[in-house]
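Notes for the structure review
Listed below, chain by chain, are the residues.
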Amino acid sequence: MKSIAILTSGGDAPGMNAAIRSITRTALANNIKVYGIERGFSGLVYEEYVELERHSVSNIIQRGGTILKSSRCDEWRTPAGRQKGARFLEKLGVAGLIGIGGDGTFKGLYHFSEEYDIPVIGIPGTIDNDIYGTDMTIGYDTAVNIGVDAIDKIRDTADSHDRLFLIEVMGRNSGFIALNVGIGGGAEEIIIPEQEANVDDIAERLFEGRKKGKTSSIIVVAEGDDEGKSYSIANKLKRLSGMEYRVVILGHIQRGGSPTAFDRYLGSFLGSEAVFGLINGHSHEMVGLVKNKVKFSKFSEVWNKKKNIDQRLLRLNYYLS
Ligand code: F6P
């Protein structure tokens, strides 16, 4: 194997740089050249790349975002776009591609792998953690910690004003972030897309809490497919309970900043294993971490299967609140 290419695609995630660094240094140590494709699949379509040397990835392990930049590429959704990408990879002469990203990236890698024989390995990198075949995705731990830190801060002002706060966290189709942020931050209620919220019941529980002497409350809401949905929930709660509220939407703050130690470790470990995966003949597979062991899963499985939230966490929050 003489050379490989790497790209980062979809929403960036803290820890992607650790993965880029690890892929680059593992490959170079094994005499493999590395090309960094810029702006995700778009760089394959429009032939934008840089050659990565050891020093190109110095001083990036602590940085959020991705030095290769990212995008959501419409052309990659078409066979013609993917054909341009395949031709470019052939022109570069690479023996394999490593793609780091979330569900959209895996969809793109899956279709590409169905059409072309170029070896491809995927690495799960998204703050959402909604990828089948790995316990944790790169960036999730950082996003959860940012969310918990925000709750700790908001709790001070919520308490001072005896207020109800709704804190909306990211997670387009999934409640992984909301569940862990809610439990870690000691929220009274957690609303996730996987389970329909009964606002009447929530109002009732808030009311009961007030009767027992609770003066402020925190509700964590996963944005789901409707960013800003916390406002309509909050209005309904006000009508039912009369409680004054404030809404905080954390949004993209959760995607930035320095990665946690765990995300640096995960990015570094999976990055290196992806390179060995290509060397050892793996292809059309994602490398993940399951029960602390490296696991390769076929793209078809990753793309077609849904990772479910752990229902016990909802029960746990009910007991804790
Ligand atoms: O990275 C995943 C994610 O953060 C989702 O939780 C969120 O809804 C989405 O990306 C928003 O991304 P963008 O604003 O880049 O389209």
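Here the structure is a predicted model, which is why all the values come from computation and not from measurement.

The rules behind each value
Residues numbered from 1 in each chain as written. Predicted model: local features only at pLDDT ≥ 70, side-chain atom pairs only at ≥ 80, totals over all residues. Heavy atoms only, no water. Near = heavy atom within 4 Å. Polar contact = N/O pair within 3.5 Å; in protein donor to acceptor, adjacent residues only side chain to side chain. Areas by Shrake-Rupley, 256 points an atom, 1.4 Å probe, with all protein chains shown as cover. Nonpolar A, V, L, I, M, F, W, Y, C, P; charged D, E, K, R; others polar. Domains from an automatic or database assignment. Core = buried A, V, L, I, M, F, W, Y, C linked by side-chain atoms within 4.5 Å. Buried < 20%, exposed > 50% of the residue type's maximum accessible area, 1.4 Å probe, protein only. Helix = DSSP H or I, 4+ residues; strand = E, 2+ residues; numbered from the N terminus. Contact = heavy atoms within 4.5 Å. Buried area = accessible area lost by both parts, 1.4 Å probe. Salt bridge = Lys/Arg side-chain N within 4 Å of Asp/Glu carboxyl O. Phe/Tyr/Trp six-rings, centres within 6.5 Å; stacked < 30°, edge-to-face > 60°. Lys NZ or Arg CZ within 6 Å of the ring centre and 35° of its normal.

Some details on the site of the ligand
All residues adjacent to the ligand are Gly 11, Arg 72, Ile 127, Asp 128, Met 170, Gly 171, Arg 172, Glu 223, His 252 and Arg 255. At 2.7 Å, a side-chain N or O of Asp 128 approaches an oxygen atom of the ligand. Here an oxygen atom of the ligand sits 3.4 Å away from a polar atom, N or O, in the main chain of Arg 172. Here the ligand has 400 Å² of accessible area as a free molecule, and 79% of this is covered by the chains. Classifying every residue of the shell around the ligand gives two nonpolar, three polar and five charged. Both of domain 1 (3-139 + 259-304) and domain 2 (141-256) provide at least three residues apiece to the shell around the ligand.

Describing the nonpolar core
Within the largest apolar cluster, 53 residues are counted, with the highest numbers of intra-cluster contacts made by Ile 4, Ile 6, Ile 98, Ile 123 and Ile 218. The leading source of residues in this core is helix α5 (residues 140-161), at eight residues. When neighbours within four sequence positions are excluded, Ile 218 is seen to be in contact with Ile 151, Ile 154, Arg 155, Ala 158, Phe 165, Ile 167, Ala 187, Glu 188 and Glu 189. Ranked by size, the runner-up nonpolar core spans 26 residues in total, among them Phe 41, Cys 73, Ile 131 and Met 286.

Observations concerning the domain arrangement of the protein
Along its sequence, the protein is organised into domain 1 (3-139 + 259-304) and domain 2 (141-256). One C-alpha centre belongs to domain 1, the other to domain 2; they are set 34 Å apart. Taken together, the contact between domain 1 and domain 2 spans 15 residues of the former and 14 residues of the latter. Summing the contributions of domain 1 and of domain 2, the shared interface buries around 1,200 Å²; its carbon and sulfur component is 50%. When the buried surface of domain 1 facing domain 2 is broken down by residue, Ile 127, Asp 128 and Thr 260 rank first, second and third, together holding 40% of it. Linking domain 1 with domain 2 are one salt bridge, by the criterion used here. A salt bridge links Arg 255 to Asp 12; the nearest nitrogen and oxygen atoms lie 3.0 Å apart. At the boundary of domain 1 with domain 2, the tally comes to eight residue pairs in polar contact (both at pLDDT 80 or more).

Brief notes about the packing of aromatic side chains
Each aromatic ring pair is summarised here by two numbers: the centre-to-centre distance and the angle between the ring planes. Counting across every chain of the model gives nine aromatic pairs. Plain terms: the ring middles of Phe 41 and Trp 76 are 4.5 Å apart, the flat faces sit at 5° to each other, and that makes the pair stacked. Here Trp 76 lies in the loop between β3 (49-52) and α3 (79-92) and Phe 41 lies in helix α2 (residues 41-45), a separation of 35 residues in the sequence. On the basis of an interplanar angle of 65° and a centroid distance of 6.0 Å, the ring pair of Phe 106 and Phe 299 is categorised as edge-to-face. With a gap of 193 residues between them, Phe 106 in helix α4 (residues 103-115) and Phe 299 in helix α10 (residues 299-304) connect regions that are remote in the sequence. You can call Phe 299 buried: its relative accessible area is 2%. An aromatic cluster of three or more residues is present, and its members are Phe 41, Trp 76, Phe 112 and Tyr 116. The ring of Phe 176 is capped by Lys 307, whose NZ or CZ atom sits 5.4 Å from the centre of that ring.

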